[in-house]
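Here is what each chain is made of, one letter per residue.
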Amino acid sequence: MTTIITEKTTTEEVNDSAKKAVYETNQLNLWYGSNHALKNIDLEIMENEVTAIIGPSGCGKSTYLKTLNRMVELVPSVKTSGEILYRGRNIFDHDYGVEELRTRVGMVFQKPNPFPKSIYDNIAYGPRIHGIKNKKILDEIVEKSLRGAAIWEEVKDRLNENAYSISGGQQQRICIARALAIEPDVILMDEPTSALDPISTLKVEELVQELKKDYSIIIVTHNMQQAARISDKTAFFLNGEVIEYDQTDTIFSNPSDKRTEDYISGRFG
Amino acid sequence: MRYIEQQAVVKRMNGRLIANSIFKYVFLAATLVALVALVILLYRIISQGMGHLSIEFLTNFASRFPEKAGIKAALVGSLWLMLVVAPTSIILGVGSAIYLEEYAKQNRITTFIRMNISNLAGVPSVVFGLLGLTIFVRAMALGNSILAAGFTMSLLILPVIVVASQEAIRSVPGELRDASFGMGATKWQTIVKIILPAAIPGILTGSILALSRAIGETAPLIVIGVPVIIQFLPAGVMDTFTALPMQIYDWSSRPQPEFQNVAAAGIMVLMAVLLFMNSIAVIIRNKFDKRY
Amino acid sequence: MRPSVQEMIARSNGKKNKKAIEKIIPILLFLIASVSVLTSIGIVVTLIVETITFFTRVPFFDFIFGTTWLPFSNKDAQFGILPLIVGTLKVTLIATIVAVPIGISAAIYLSEYASENVRRILKPVLEVLAGVPTIVYGFFALTFVTPILQSVFPEIKIFNAISPGIVVGIMIIPMIASLSEDAMSSVPKSIREGALAMGSTKFEVAWKITVPAALSGIIASVVLAVSRAIGETMIVSLAAGSTPRFDGDFTGSIQTMTAYIVQVSKGDAGFGTTIYYSIYAVGFTLFVFTMVMNILAGYVSKRFREEY
């Protein structure tokens with residue numbers, strides 16, 4: 001496993017200078033009521049990489065992820081300060097519509113959450129709400145997205161069946177395909193495999209590797225092995241703070257902070 | 001010295017066990033009273049009304065002669081009434097439920113609206129009749145038309161539809177909302193394309209049950225002055241009309257015993273309409289049960 | 001090669017005015033939601049305004065303390081509401097006597113004893129009973145219950161308080177049973193198991209554990225059912241008669257508040273006559289009675305709710 005990571009990093013280091021940041025987070029603070037959930041976060045997330053966010057439960061990793069597409073604002077009583085630049089523009093700007101942001105930034109959730117509609121309608125949902133009505137184009141998008149999520153072969157003959165008729169692992173890949181359908185720039189994944197069996201987990205992990213060619217992926221996971229397997233960079237969160245953020249192999253082989261070391265060696269969390 | 005003597009416990013045990021089995025049957029008997037009442041009620045009505053039920057009964061207008069009396073005007077009138085009540089009450093009820101569940105902030109106004117709806121559900125129907133008489137019949141000068149009666153009935157069943165729709169909307173999993181918002185859908189798109197389709201079985205079931213209450217209500221119709229003897233069919237919502245329960249009330253309160261059989265036959269028609277509506281509700285409920 | 005999805009989205013977003021819709025819809029829905037508030041206000045204002053007109057013609061104290069209700073007399077019409085209230089209370093009393101023991105027993109049976117199969121039969125029976133239109137109950141009271149009562153007690157008249165009382169009782173049984181059962185079912189299983197493990201019988205668990213624990217819900221259900229009985233109109237209009245009287249007789253014709261409103265509405269009380277305004281005064285009194293009961297029910301179930 002370590003060898004794979006080393007290989008990967010060497011190829012990346014070559015390209016690194018050409019890569020641009022998708023997200024720059026500057027001094028982000030977030031409160032749920034009086035609970036200070038995120039403290040002075042500074043992070044720069046690069047395009048076409050997989051960035052993993054790890055940390056014990058309640059460390060703020062999911063909150064941070066949901067702040068990146070402002071889904072966190074669905075919780076009443078949330079307050080934020082600081083800024084998050086997406087492609088150079090502050091997502092908290094008054095004239096920055098959340099819908100516009102979320103059209104560029106897709107999300108995959110912890111539990112597979114397909115709509116109670118047909119598989120086809122699930123994938124076509126995003127394009128349709130954004131005004132794409134042409135049946136031929138929709139057909140094309142659906143096939144491309146399902147292929148992109150590596151599930152086309154499994155469901156191509158049952159596109160009109162209810163999305164709940166397939167297995168949980170397949171449902172999660174349908175949800176990934178649904179996110180791909182609007183060709184987002186970034187895909188946020190909130191513990192996407194935590195409700196899946198090991199084989200489905202493996203499939204989703206392989207898919208993530210495949211997707212990073214075209215997308216920037218930010219994945220929250222409580223599974224450190226998963227972070228080590230699939231990510232290029234890893235951020236370690238603890239009590240609402242970023243303790244360490246570095247190349248994944250550095251974090252796992254040579255962490256600079258004692259707390260990171262304690263966490264990845266399983267001393268807490 | 002022990003506080004509890006096992007022998008004394010055993011001695012008392014018999015009595016306790018007897019009380020236990022007696023009360024089991026007492027409770028069962030009480031429950032069966034409801035069943036028995038229902039059976040007697042249905043039996044009485046069917047045995048009285050069966051003889052008078054015929055095609056002519058459905059196609060004749062009301063008459064002074066019991067053997068010629070028919071229910072045509074009332075049946076058609078009740079259907080007309082539903083034509084007004086169904087859209088009015090469902091639009092108002094579902095709209096209110098969407099507002100309360102999806103848009104309303106947790107503030108005093110919202111609490112007030114919620115409290116108000118639950119209190120409205122406890123207002124006697126005859127009082128709604130007084131409201132209809134003052135506002136719709138007189139102030140808005142709709143007279144004793146289908147429209148006036150329909151609006152009154154809509155307000156009467158509004159709380160039932162609001163509460164049922166609220167429950168249906170609340171039972172849509174939050175993950176579906178998140179998924180839709182995550183795709184960049186707006187709130188209204190999410191409501192129309194995700195939440196309402198998922199909540200529609202609950203909304204429809206609740207609405208049909210509410211409408212079947214409206215179709216059987218009598219008191220508000222009497223108060224707003226809906227007549228009984230009608231020899232023509234309404235042609236529009238501004239026409240006067242009569243309704244099934246009005247007709248039944250009129251027949252029941254006549255002194256001639258023959259009219260009691262006519263009333264029973266009318267009740268059978270009313271109950272058949274209710275049975276039909278309720279079966280639709282049950283079918284919807286079973287068809288859409290458990291989809292996630 | 002077709003343009004990218006994002007390009008197509010950008011193009012179609014330029015056309016549509018989503019933002020305007022998102023702004024207008026909440027306002028529209030708020031207006032719809034306020035219809036229920038307007039209805040309440042409409043009821044209260046209507047009743048108060050017309051009642052005030054009524055009190056310009058009939059002194060307030062004559063109305064609430066008067067023991068003679070004689071509205072149709074040409075010479076000396078009297079509007080003392082007490083006879084109508086007494087009539088309402090007679091019917092309500094009998095309904096309560098019938099419905100409370102049966103309703104609560106049925107609730108205990110359904111929540112503590114009945115198997116899933118039995119419940120599957122009995123619950124729909126209660127639902128159907130609750131869905132029977134009141135006009136049907138009225139017909140049943142007049143044509144079935146009254147004749148039976150008369151055959152047993154010949155002194156009972158064709159119109160009386162007992163028969164409609166019994167039938168109103170039957171009508172509110174489902175309400176008491178299902179609301180009380182909800183309250184009992186929400187008592188946690190662990191509490192029952194604790195009592196059973198100490199050697200209690202099922203009856204003792206029901207009577208000493210479940211019922212006391214669910215008491216606030218049970219009382220609230222009874223209060224709500226009584227409020228329903230007070231406001232019930234068609235059963236009493238058909239079977240109780242139209243003789244307002246201020247006495248303790250249950251066997252003869254009486255008149256309730258609701259039945260009076262129906263009696264006047266059926267006839268041709270000209271707009272603007274004192275009789276016309278009197279139905280609002282009676283309706284207002286009825287409204288106050290039921291509101292007090294409803295608020296009381298809400299208070300009981302909130303104030304005395306058990307914490308599990």
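Undergrad: Can you tell me about the overall build of chain C, naming the residues and giving the values?
TA: Each helix and strand in chain C was counted, giving 13 helices and two strands. A compact globule built from 308 residues should have a C-alpha radius of gyration of about 19 Å, whereas chain C, at 26 Å, is more than 25% larger. Viewed in the frame of its principal axes, chain C has a C-alpha envelope of about 95 × 65 × 35 Å. For chain C, with 308 residues in total, the buried portion stands at 54%. When contacts within chain C are restricted to residue pairs at least 6 apart in sequence, those whose partners lie at least 24 apart make up 71%. Here chain C displays about 13,700 Å² of accessible surface, and carbon together with sulfur accounts for 67% of that area. Looking at chain C, you have 24 positive and 19 negative side-chain charges, and the mean spots of the two groups are 11 Å apart.

Undergrad: How would you summarise the domain arrangement of chain B if you had to cite specific residues and measurements?
TA: Residues and elements named next belong to chain B. For chain B, the assigned domains read domain 1 (6-52) and domain 2 (57-288). Summarising the inter-unit geometry, the C-alpha centres of domain 1 and domain 2 are found 35 Å apart. Listed as interface residues are seven residues of domain 1 and, on the opposing side, twelve residues of domain 2. Here domain 1 meets domain 2 over a buried area of about 740 Å², counting both sides, of which 74% is carbon and sulfur. Viewed at the interface, domain 2 and domain 1 are joined by zero salt bridges. Run the count over domain 1 and domain 2 and you get one residue pair in polar contact (both at pLDDT 80 or more). When the residues that make up the side of domain 1 that touches domain 2 are grouped by side-chain class, the tally is four nonpolar, three polar and no charged.

Undergrad: Tell me about the sheet that holds strand β4 (residues 78-86) of chain A, and please be specific about residues and values.
TA: Hydrogen bonds between backbone atoms are what pair the strands of a sheet, whose relative direction is either parallel or antiparallel. Residue and element names in this part refer to chain A. With antiparallel pairing, the four strands of this open sheet are ordered in space as β2-β1-β4-β5. Among the strands making up the open sheet, the edge pair consists of β2 (35-46) and β5 (89-90). Where strand β1 (residues 21-32) lies against β2, eight bridges are found, and the strand directions are antiparallel. Paired with E24 across the bridge in β2 is E44.

Undergrad: Before we move on, could you go through the packing of aromatic side chains and cite the residues and values that matter?
TA: Applying the stated criterion across every chain, the model contains 28 aromatic pairs over all chains. On the basis of an interplanar angle of 50° and a centroid distance of 5.3 Å, the ring pair of Y23 of chain A and Y86 of chain A is categorised as tilted. Placement of the pair is Y23 of chain A in strand β1 and Y86 of chain A in strand β4, with a sequence separation of 63 residues. We classify Y23 of chain A as buried; its relative accessible area is 0%. For the pair F27 of chain B and Y113 of chain C, a centre-to-centre distance of 5.9 Å together with 50° between the ring planes defines the contact as tilted. Residue F27 of chain B is located in helix α1 (residues 6-49), and its partner Y113 of chain C is located in helix α4 (residues 82-113); the two belong to separate chains. Relative accessible area serves as the criterion here: at 3%, F27 of chain B is assigned to the buried category. Assessed through its relative accessible area of 11%, Y113 of chain C is described here as buried. Of the aromatic side chains, those joined through ring pairs into one cluster are F54, F55, F60, F61, F63, F65, W69, F72, F79 and Y260 of chain C. Sitting above the plane of the Y103 of chain B ring, K187 of chain B keeps its charged end 5.0 Å from the centroid. A cation sits over an aromatic face here: R254 of chain B above F259 of chain B, 4.7 Å from the ring centre.

Undergrad: Which residues make up the pairing of strand β8 (residues 216-220) of chain A, and what values go with them?
TA: Residues and elements named next belong to chain A. Buried residues dominate β8, accounting for five of its five residues. Burial along β8 is two-sided: S216, I218 and V220 facing one way and I217 and I219 facing the other are all buried. Sheet topology places strand β3 (residues 50-54) next to β8; four bridges connect them, and they run parallel. The residue bridging T51 from the neighbouring strand is I218, located in β8.

Undergrad: Describe the interface of chain C and chain B, naming the residues involved and giving the relevant values.
TA: Taken together, the contact between chain C and chain B spans 70 residues of the former and 71 residues of the latter. Carbon and sulfur atoms supply 78% of the area buried between chain C and chain B, which totals about 6,200 Å² over both sides. Linking chain C to chain B there are one salt bridge. Along the contact surface separating chain C from chain B lie twelve residue pairs in polar contact (both at pLDDT 80 or more). Tallying contributions element by element places helix α2 (residues 18-57) of chain C first for the side of chain C that touches chain B, with 19 residues. The residue makeup of the side of chain C that touches chain B, split by class, is 43 nonpolar, 20 polar and seven charged.

Undergrad: I'd like to hear about the nonpolar core, residue by residue, with values.
TA: Counting 275 residues, the largest nonpolar core has Y23, Y64 and L146 of chain A as its most contacted members. Split by domain, the residues of this core number at least three in each of domain 1 (6-52) and domain 2 (57-288) of chain B. The contact partners of Y64 of chain A, leaving out residues within four places of it in the chain, are T25, L28, L38, I41, L43, I45, I53 and F237 of chain A.

Undergrad: If you had to explain the confidence of the model for chain B to someone new, which residues and values would you point to?
TA: Segments scoring low in pLDDT should not have their predicted coordinates read at a detailed level. Confidence in the prediction for chain B averages 92 pLDDT; 98% of positions are at 70 or higher. Within chain B, the lowest mean pLDDT, 89, falls on helix α2 (residues 55-59) of chain B, and the highest, 97, falls on helix α6 (residues 146-170) of chain B.

Undergrad: Just give me the short version of the pattern of salt bridges, but keep the residues and values in it.
TA: Residue and element names in this part refer to chain A. Going through the model one piece at a time under the given rule, you end up with 33 salt bridges over all chains. One salt bridge in this structure joins E49 and K233, with 3.0 Å as the shortest N-O distance. With E49 in the loop between β2 and β3 and K233 in strand β9 (residues 233-238), this residue pair connects regions lying 184 residues apart in the sequence. Note on E49: relative accessible area 1%, which makes it buried. Classification of K233 as buried rests on a relative accessible area of 10%.

Undergrad: How would you sum up the sheet that holds β9 of chain A? Please name residues and give values.
TA: Residues and elements named next belong to chain A. Taken together, the six strands give an open sheet; going across it, the order is β6-β7-β8-β3-β9-β10, and neighbouring strands pair in mixed fashion. The two strands at the open ends of the sheet, each matched to only one other strand, are β6 (105-108) and β10 (241-247). Pairwise comparison of adjacent strand axes, ignoring direction, gives a mean angle of 15° for this sheet. Contacts between helix α8 (residues 198-211) and the sheet are confined to β3, β7 (186-190) and β8, with β7 contributing the most and set at about 160° to the helix.

Undergrad: Tell me about helix α4 (residues 119-129) of chain A, and name the residues and values.
TA: Most of α4 of chain A is tucked away, with nine of its eleven residues classed as buried. Within the span of α4 of chain A, buried status applies to I119, Y120, N122, I123, A124, Y125, G126, P127 and I129 of chain A. Structurally, α4 of chain A contributes buried residues whose contacts are with α5 (135-148), α6 (152-155) and α7 (168-180) of chain A, α7 (174-182) and α8 (187-216) of chain B together with α2 of chain C. G131 of chain A occupies a position one or two residues after α4 of chain A and carries a positive phi of about 95°.

Undergrad: Can you break down the side chain of R16 of chain B residue by residue, with the values?
TA: Looking at the element boundaries, R16 of chain B is found in helix α1. For R16 of chain B, a relative accessible area of 15% puts it in the buried group.

Undergrad: Explain the packing of helix α3 (residues 72-103) of chain B against helix α4 (residues 108-120) of chain B to me, and be specific about the residues and the numbers.
TA: All names here are of chain B. Between α3 and α4, the least distance of the axes is 11 Å, while the angle of their chain directions is 140°. Considering their axes alone, α3 and α4 lie oblique with respect to each other. For the crossing formed where α3 meets α4, the hand is left-handed. When α3 is examined against α4, the residues Y99, L100 and E101 are found in contact with a partner set consisting of T110, I113, R114 and I117. Class assignment for the residues of the contact of α3 with α4 results in four nonpolar, one polar and two charged.

Rules and cut-offs
As a convention, each chain's residues are numbered from 1 in the sequence order in which they are written. Starting at A for chains and at 1 for ligands, labels are handed out in the order in which the entities are written. pLDDT decides what is reported in this predicted model: residues at 70 or higher carry local features, side-chain atom pairs at 80 or more are listed and counted, and totals for whole chains, interfaces and linings draw on all residues regardless. Calculated side-chain values reflect all of the structure's heavy atoms, with hydrogen atoms and water omitted. The helix count covers DSSP runs of H or I at least four residues long, the strand count covers runs of E at least two residues long, and both are numbered beginning at the N terminus. Between the two quantities, the radius of gyration covers C-alpha atoms and the globule rule is 2.2 Å times the number of residues to the power 0.38. The rule is simple: take the accessible area with a 1.4 Å probe, protein chains only, and divide by the maximum for that residue type; under 20% is buried, over 50% is exposed, in between is partly exposed. Any two residues whose heavy atoms approach within 4.5 Å are treated as being in contact. Per-residue and other accessible areas follow the Shrake-Rupley method at a 1.4 Å probe size, with only the shown protein chains counted as cover for residues. Residues counted as positive are Lys and Arg, residues counted as negative are Asp and Glu, and His and the chain ends are not counted. Every charge is mapped to an atom, namely NZ of Lys, CZ of Arg, CG of Asp or CD of Glu. Marked domain ranges trace back to an automatic or database domain assignment. By buried area we mean the combined loss of accessible area, with a 1.4 Å probe, across both parts when two parts are placed together. Within this document, salt bridges are pairs made up of a side-chain nitrogen of Lys or Arg and a carboxyl oxygen of Asp or Glu, the two lying within 4 Å of each other. In protein, a polar contact means a hydrogen-donor-capable atom and an acceptor-capable atom, both N or O and within 3.5 Å, with residues adjacent in sequence counting only if both atoms are side-chain atoms; elsewhere, any N or O pair within 3.5 Å suffices. Throughout, the ten residues Ala, Val, Leu, Ile, Met, Phe, Trp, Tyr, Cys and Pro are labelled nonpolar, Asp, Glu, Lys and Arg are labelled charged, and all others, Gly among them, are labelled polar. Should DSSP find at least two bridges between two strands, the strands are regarded as paired. Here a Phe, Tyr or Trp ring, Trp counted by its six-membered ring, pairs with any other such ring whose centre lies within 6.5 Å, and the pair is stacked when the planes are under 30 degrees apart, edge-to-face when over 60, and tilted otherwise. A positively charged side chain is recorded as over a ring if its NZ (Lys) or CZ (Arg) lies within 6 Å of the ring centre. The angle to the ring normal must also be within 35 degrees. Take the buried Ala, Val, Leu, Ile, Met, Phe, Trp, Tyr and Cys residues and link them wherever side-chain atoms come within 4.5 Å; each set so joined is a nonpolar core. Per residue, pLDDT measures the predictor's confidence, with a range of 0 to 100. A fitted line through C-alpha atoms serves as each axis, taken over the contacting stretch for helices, and the angle formed by two N-to-C directions is quoted from 0 to 180°. Convention used here: angles under 35 degrees read as roughly parallel, angles over 145 as roughly antiparallel, angles from 65 to 115 as roughly perpendicular, and any remaining angle as oblique. A clockwise turn of the near helix away from the far one marks a right-handed crossing, whereas an anticlockwise turn of less than a right angle marks a left-handed crossing.

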